[in-house]
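So the chains spell out like this:
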Amino acid sequence: MFDTLSEKLQRAFKNLRGQGTITEENIGEALREIRVALLEADVNLGVVKELIEHIREKAVGQQVMTALSPTEQVVKIVNDELIAILGKDTARFNFASRPPTVILMAGLQGSGKTTTSGKLAAWLQKGGHRPMLVSVDVYRPAAREQLKIVAGSIKANLYEGDLKGENPGPDLVERLAREARRDAVNSGCDTLIVDTAGRLALDDDLMKEMERLKKLLAPQEILFVADAMTGQDAVNSADAFHKRLALTGVVLTKMDGDARGGAALSIRHVTGQPIKFIGTGERPDAFEAFHPDRIVSRILG
Ligand code: GDP
């Protein structure tokens with residue numbers, strides 16, 4: 001189908017062999033290929049510009065080594081730069097020193113928040129924890145019902161609560177969250193996963209509600225769930241949520257689709273927060289810790 005970046009670079013460097021050094025002139029075409037490859041992989045333009053400058057600085061003046069072709073040399077520089085942004089290691093999950101650990105799930109509607117809440121619960125169960133799930137989406141009964149089904153499918157504890165016909169709004173959200181935490185403690189659960197209301201677009205009411213939940217629950221993790229297929233939109237919403245809430249990490253969903261993964265790089269660069277997990281399907285076990293090196297080869301193609 002498409003040429004890989006390596007193949008494109010090989011073409012760009014075909015005249016370089018035997019020239020001794022990588023220069024400003026002979027790297028120009030290669031940098032253009034790298035730029036296109038990153039943009040095609042959905043890496044944010046600002047991030048691409050910065051990367052290209054770093055790559056230029058590192059590459060220009062380098063002796064063409066005998067052991068590596070110029071292509072291999074530049075691909076290695078690009079690899080190292082991407083890994084430097086993403087962080088070398090898989091990020092740690094924060095647990096409370098005294099249970100329950102509270103995890104607040106944030107994100108727009110349709111990003112995969114509810115599915116991911118279930119996946120995270122299953123991941124915690126596998127690690128020997130006893131998670132409890134609660135949905136504080138008091139605006140959409142279907143959302144609460146969906147979480148109930150998810151919890152049932154993995155046999156996780158769920159705090160349903162009783163809305164008692166109260167008006168949907170922040171007070172009801174807070175009551176449910178408070179009750180869920182109490183219920184988690186009383187029933188011996190060591191983690192509480194709070195699935196929150198999503199909106200179709202960013203809005204101030206949603207942010208205010210999230211801020212109140214953060215204040216009330218003092219969560220150890222505030223995870224932003226982003227749909228990898230939405231590219232730049234995911235980056236912009238992650239940025240907006242991070243500015244208001246100080247996220248602790250990101251879960252990138254729908255990585256089983258054909259998203260190239262540039263969103264991972266951009267979100268990490270823009271928010272400074274690590275991608276902690278990726279979702280790779282609809283089932284509860286289609287979920288794994290994020291490995292920076294794997295995404296790099298996906299971005300470079
Ligand atoms: P929410 O509105 O953010 O709670 O999103 P949902 O959890 O309801 O997910 C929206 C849709 O995306 C559902 O059809 C999910 O099955 C699907 N989904 C969630 N995560 C993944 C994933 O990692 N891969 C795939 N292929 N689909 C996913």
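Not measured: the values here are computed from a predicted model.

(A) Structural view of the packing of aromatic side chains. Applying the stated rule across the entire model yields six aromatic pairs. Relative to Phe277, the ring of Trp123 has its centre 4.8 Å away and its plane inclined at 75°; by these criteria the two rings are edge-to-face. In this pair, Trp123 sits in helix H5 (residues 113-126) while Phe277 sits in strand E7 (residues 275-279), placing the two residues 154 residues apart along the sequence. Take Phe277: its relative accessible area is 2%, and that puts it in the buried class. On the numbers, 4.7 Å between centres and 20° between planes, the contact of Phe277 with Phe287 is stacked. You can see Phe277 sitting in strand E7 and its partner Phe287 sitting in strand E8 (residues 287-289), a full 10 residues away along the chain.

(B) Geometry of the site of the ligand. The ligand sits among 16 residues. The nearest are Gly110, Lys113, Thr115, Asp256 and Glu282. Contacts to the ligand include Thr114, whose side-chain N or O atom sits 2.9 Å from an oxygen atom. With respect to the ligand, the backbone of Gly281 contributes an N or O atom lying 3.2 Å from an oxygen atom. Sort the elements by how many residues they give to the shell around the ligand and H5 lands first, with four residues. Taken together, the residues of the shell around the ligand sort by class into one nonpolar, 10 polar and five charged.

Parameters at a glance
- All chains use their own residue numbering, which begins from 1 and follows the written sequence.
- In keeping with the predicted nature of the model, local features appear solely for residues at pLDDT of at least 70, side-chain atom pairs appear and are counted solely at 80 or more, and the whole-chain, interface and lining totals rest on all residues.
- With hydrogens and water stripped out, all remaining heavy atoms of the structure feed into the side-chain values.
- Planes of paired rings set the category: under 30 degrees apart is stacked, over 60 is edge-to-face and the rest tilted, where pairs are Phe, Tyr or Trp rings (Trp by its six-membered ring) whose centres lie within 6.5 Å.
- For the purposes of this entry, the term helix denotes a DSSP run of H or I that reaches at least four residues, the term strand denotes a run of E that reaches at least two, and both are numbered from the N terminus.
- The rule is simple: take the accessible area with a 1.4 Å probe, protein chains only, and divide by the maximum for that residue type; under 20% is buried, over 50% is exposed, in between is partly exposed.
- A molecule or strand has a residue near it when one of that residue's heavy atoms lies within 4 Å.
- Polar contacts, as used here, are pairs of N or O atoms within 3.5 Å; protein pairs need one atom able to donate a hydrogen and one able to accept it. Residues neighboring in sequence count only if both atoms are side-chain atoms.
- In the scheme used here, Gly and all other residues not listed as nonpolar or charged are polar, with Ala, Val, Leu, Ile, Met, Phe, Trp, Tyr, Cys and Pro taken as nonpolar and Asp, Glu, Lys and Arg as charged.

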